[in-house]
Amino acid sequence: MGFEGIGAAVKRKEDARFLAGRGNYVDDINRPGQVYAYIKRSDRPHARLKGIDTRKAAAAPGVLAVYTGADLAADGVGGLPCGWQIHNKDGSPMAEPPHPVLAVGKVRHVGDPVAVVIAETKQQAKDAAELLEIDYEDLPGVAASTDAIKPGAPLVHDDVPGNICYDWHIGDKAAVDAAFARAKHVVKLELTNNRLVPNAMEPRAAIGECDVTGNYTLYTTSQNPHVIRLLMGAFVLHIPEHQLRVIAPDVGGGFGSKIYHYAEEAIVTWAAGKLRRPVKWTAERSESFISDAQGRDHVTTAEMALDEQGNFLALRVSTLANMGAYLSTFATSIPTYLYATLLAGVYKTPAIYAEVKAVFTNTVPVDAYRGAGRPEAAYLLERLVDVIAHDLGFDRIELRRKNFIPPDAFPYQTPVALQYDSGNYQVTLEKALQAADFAGFEERRRQARARGKLRGIGVSTYLEACGIAPSAVAGALGARAGLYEVANVRVNPTGDVTVFTGAHSHGQGHETTFAQVVAERLGISIAQVDVVHGDTGRIPFGMGTYGSRSLAVGGSAIVKALDKIIAKGKRIAAHLLEASVDDIEFKDGKFTVAGTDKSKTFAEIALTAYVPHNYPIEELEPGLEETAFYDPKNFTFPGGCHVCEVEIDIETGTPKVVNFVAVDDIGRVINPMIVEGQVHGGVAQGIGQALLEHAVYDSQGQLLSGSYMDYVMPRADNLPSIHVGTESTLCTHNPLGVKGVGEVGAIGSPPAVINAIVDALRDYGVRHIDMPATAEKIWSIIQAHQPRMAAE
Amino acid sequence: MPQVTLTVNGKRHTVEVEGRTLLVELLREKLGLTGTHVGCDTSQCGACVVHVNGDSVKSCTMLALQADGASVTTIEGLAKPDGTLHPMQEMFREHHALQCGFCTPGMVMSAIDLVNKHPEGLTEAQIREGLEGNLCRCTGYHNIVKAVAAAWPLMHGKTMPAAAE
Amino acid sequence: MYDFAYHKPASIADAVALLAGDPEARPLAGGQTLIPVLKQRLNKPSKLIDLSGLGLNRISVSGNALSIGAMTPHATVANSADVQRAIPALAKLAGGIGDNQVRNRGTIGGSLANNDPAACYPAAVLGLGATVVTNKRRIAADDFFQGMFTTALEPGEIITEVVFPLPVEKAAYMKFAQPASRFALVGVFVAKGPAGVRVAVTGAGQNGVFRQREMEAALTARFAPDAIANIKTPPDQLNSDIHGSAEYRSHLITVMAKRAVAAAA
């Protein structure tokens, strides 16, 4: 179907309800007899929990119950599980300390849940929580990963020596050492990747419910309800999956922070079982800041060995990754398999070795945030390449071109496990440079200087991996789950279609793009396709949405199910048309006997399947509904080039992005309008990371940027218009040829911004500036360095 | 308990509230108008913006009792009874100015007030500054700015004055 | 929020009586600071006395004064033709406080009574040498601000209007916004008018808004940006936090003051 199918910028189906104020987010849901949970959280980063006196709170007006960690333990409630086991260099498993739902023995970060009060109203629960008497013995805390590994540092978990969760490595150390030994040049860079707070605009919320037969329902703000059902049911509350339904209705953004199984989900579900009343909890934003998993927080040393001509010979990387106080669901995989495996980037560096120490601290747990590991890798590489150019006097663009993996080298095996199936980095680079008028930049720099501004331009040529993941590969690397996706396609008797997908949309527009895929394949309109997601009671199974996987994995599952539908339709058509099934062609919504005008429409076949009066009943079941599980053969590898132009106010140091170009190779584009929107949002978060956002802790673990009064969220006037271009070298191993677009903006943009800032400051002797590049940081550099006079 | 009488989306209501009940709590919990959202607790995010007597306000930073006698319009009250969307809603859809939809009601209400108050026209920079009270984490604001600019001529019934473009 | 009784008196006398009768009662102006504070449970008033029914939302110009009623919202001040004509810098300042929604509710009286050390209005009131009028007395700006969140107001005293002396020959306000809250990291109001040349600084001082007298002297001698380019405010009296060190704030005071002088000249 031409206009509404693949490649059409059709308007979104889901917008009608959102624009009318008829969305259905968790906090919009109210259940009969509902009561409210308020969670009392630790206000200190590290303390021994000597006792909790709940009596006054329990006696307060409207209070039904007060529970502590002891109550959960007494009932056999388990800890929150970690979904990915990493092994140390010596082969031993990582340290995996318990992660209780409510704190036991110690509190380990500000925000650690200590007790829950359940009352008839929200205000009563909150009022009563003030009556809890908690006896803490304060302990010294530690917030920075660099401090946590020092001898004598406070131990976050008493039985985890040195606060080391794991000490892991990848790559050929001997080959890298040898390359460094014979290298003409070695360039070294130390850099941090700043900790971020994801800040989906909808705060997390959950409602637990238990009916008289002991069947539970959990409404939750989740990106993957089946994963929550599995983890919470099997590991935490021991509820059989058939008695636990998890519904993630409209969800107001996730960016990773709503992947994980959180304590509050278990608390409301368990309490609903105890009280036989629906229990609702909604985070206040200040709670989100201290209880949603945060992102990034790497401290890294990177070194590149080069020959005289500037060819990369070897890369050596050493990273400290802050895990926070506990292991969040996928925390351990982020700085390892989603980070270090990306360190080849777009370059043919022949030898790479990376070691990563993951460290416990008295801070909020860290896990995937938009990009998850890949932004850290891209930032490291693209900063390092610019620093190499700076230190050794190479042209930064030529240096990139020289080291690109050439277009004819695919499939390309990197030295860090991944095999890229396709890509063309030259093309995206050239397109982006042209769109940004890179050639004309120096004139703009001169004009800006005349206005009292320092102007700079920065480029990043990034690569990422998404479409996670081949289950066997992931399993071999420590994943405790499969990473396939599931689709059920139900053709209704009148020929319209309901798709049940295990992917979850929380802004991505699946109800539209998935419908476009179905419409294209079946020759129907998108109005005839309904996409259902986010309900374990309706959808067979699924692994959810993260890592830009929805279309590459979830979409492939839909295509696979559609193939089965079409195959069955052909057999029904063959029967009706009295032809051999091999002679039936399906095109434009019609089953036709090849070379004839004998045909049946898709709707006729659907009706026949459900009204099988004239039907091959001996060989074929009635009905037209198929389920497919799709396990990807490989990751997908989007990449591209981002170009950023900034201006800096010399007197105050204030930076402003004045131009931004993103040209991304994301494989086949289903809906260009939605693709551009995804890139806009990702770039905004990347600019936010580079210039504005920072979760700042004091040395002990108090969060100093714990609200929108102190955490700098990008606003409309912080951002420029963003030029988006796309390029499509198709993915070779999935049926749609798609790669994924959800994260590219957040991955490619931060190094482009910082490269531009450093370029703007080139007369001030600056080699590197850490994110976020705030006005004061830039001003300090300007103060410290007199402009370097041009050679005369 | 005190009572508040107000008109919401053209309908008069008298509701019992506590002194501390916020306007947004009245709308969401007492009147079931859940289109107005709460995204923060420091009056920054703007997900809760509604119109009170024609001005955009943060309904999380106003007591229900302060709205006594007022006329309140929420996102649910914008479309015509036959379902025809307000031009701002229409342009948000046309320009893909929403993704997850959570900030959208507040963003639309703020944008309408902004356009209403600028009959002389709005530049891109003015639109961006005019939306500083509303946070969106999905769109990067790019398409929101386009949608607001596109709604201006529809709301004022004329083309945007060239000087303002 | 803790619960409280809500009252909306119709006269200043009633409002004063309600406040006088209960030390735990608090006046409520626009609520744009007070309500967020109450939501955090940082304050537990027994009663809130809503001042919006007292007829204090008004602006008038007489020969030598601009009077702004205490309950006039920022948006009204920003858009007032009278204010734009009499003191355009004041209209501009009001139009830069918070965001559109805050400006539709927040009031000049509420802002002054709260005296947030990073608020904009105190800089204008001090910089223009205005007079704060209450139900009891007239308080000169120099006497009104007494440190962060502290003013000369006595318990039960209500601001009714703020009187700005005219004609103002030159005035401008420059704000360097704290990037998250958008309050002033440093805001400088420079004016030349009936109260002489004044430079009032908000956002930076440990004790709230203050006058930069060294700059005032230099500008009195010569009202030009370069007259103050080398005047540094000692950092030891300035705030330091994650958004700006005292040294940076000190630097910004000079830069913002220069820019304000340039804009005013």
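Remember, predicted model here, so these are calculated numbers, not experimental data.

(A) Structural context of the packing of aromatic side chains. All names here are of chain A. For the coordinates displayed, the defined rule picks out 23 aromatic pairs over all chains. Where F289 meets Y708, the ring centres are 5.6 Å apart and the plane angle is 75°; that geometry is what we call edge-to-face. Of the two residues, F289 sits in helix α9 (residues 285–291) while Y708 sits in the loop between α18 (672–692) and β28 (722–727), which places them 419 residues apart along the sequence. A single burial state applies to F289 and to Y708, both of which are buried. Taken together, the ring pairs in this structure connect F312, Y347, F404, F410 and Y425 into an aromatic cluster. The cationic tip of K173 hangs over the ring face of Y353; the distance from NZ or CZ to the ring centre is 6.0 Å. Above the ring of Y262, the side-chain terminus of R204 is found at 3.6 Å from the ring centroid.

(B) How the structure looks around the packing of helix α2 (residues 87–94) of chain B against helix α5 (residues 142–156) of chain B. All names here are of chain B. It is the contact of α2 with α5, at a shortest axis distance of 8 Å, that shows an interaxial angle of 140°. Relative to α5, the element α2 is oriented oblique. As for the relative orientation of α2 and α5, their crossing is right-handed in sense. Contacts between α2 and α5 involve P87, M88, M91 and F92 from the former and I144, A147, V148, A150, A151, L154 and M155 from the latter. Within the contact of α2 with α5, the residues separate by chemical class into 11 nonpolar, no polar and no charged.

(C) Spatial organisation of the sheet that holds strand β23 (residues 590–593) of chain A. Residue and element names in this part refer to chain A. Pairing in this open sheet of three strands is antiparallel, and the strands run β22-β23-β24 from one edge to the other. Of all strands in the sheet, those bounded by a partner on one side alone are β22 (584–587) and β24 (599–601). Strand-to-strand, the axes of this sheet are offset by a mean angle of 20°, without reference to chain direction. Taken together, the three bridges between β23 and β24 define a ladder with antiparallel strand orientation. Within β24, the residue paired with F591 across the bridge is K600. Helix α17 (residues 602–610) rests against β22, β23 and β24 of the sheet, and its axis sits at about 75° to β24.

(D) Fine view of the interface of chain C and chain A. On the chain A side, the residues contacting the 23 residues of chain C number 22 residues. Note on chain C versus chain A: buried area summed over both sides is about 1800 Å², and carbon and sulfur give 46% of it. Interface area lost by chain C to chain A is led by R41, R182 and Y248 of chain C, which between them contribute 31%. Among the salt bridges present, the one from D127 of chain A reaches R41 of chain C, with a minimum N-O distance of 2.5 Å. Looking at the side of chain C that touches chain A, the element that brings in the most residues is helix α11 (residues 246–264) of chain C, giving eight residues. Across the side of chain C that touches chain A, the residue classes tally to 11 nonpolar, six polar and six charged.

Procedures and definitions
Residues numbered from 1 in each chain as written. Chains lettered and ligands numbered in written order. Predicted model: local features only at pLDDT ≥ 70, side-chain atom pairs only at ≥ 80, totals over all residues. Heavy atoms only, no water. Phe/Tyr/Trp six-rings, centres within 6.5 Å; stacked < 30°, edge-to-face > 60°. Helix = DSSP H or I, 4+ residues; strand = E, 2+ residues; numbered from the N terminus. Buried < 20%, exposed > 50% of the residue type's maximum accessible area, 1.4 Å probe, protein only. Lys NZ or Arg CZ within 6 Å of the ring centre and 35° of its normal. Axes fitted to C-alpha atoms, helices over the stretch in contact; angles between N-to-C directions. Parallel < 35°, antiparallel > 145°, perpendicular 65-115°, else oblique. Left-handed = near helix turned anticlockwise from the far one by under 90°. Contact = heavy atoms within 4.5 Å. Nonpolar A, V, L, I, M, F, W, Y, C, P; charged D, E, K, R; others polar. Pairing = 2+ DSSP bridges. Buried area = accessible area lost by both parts, 1.4 Å probe. Salt bridge = Lys/Arg side-chain N within 4 Å of Asp/Glu carboxyl O.

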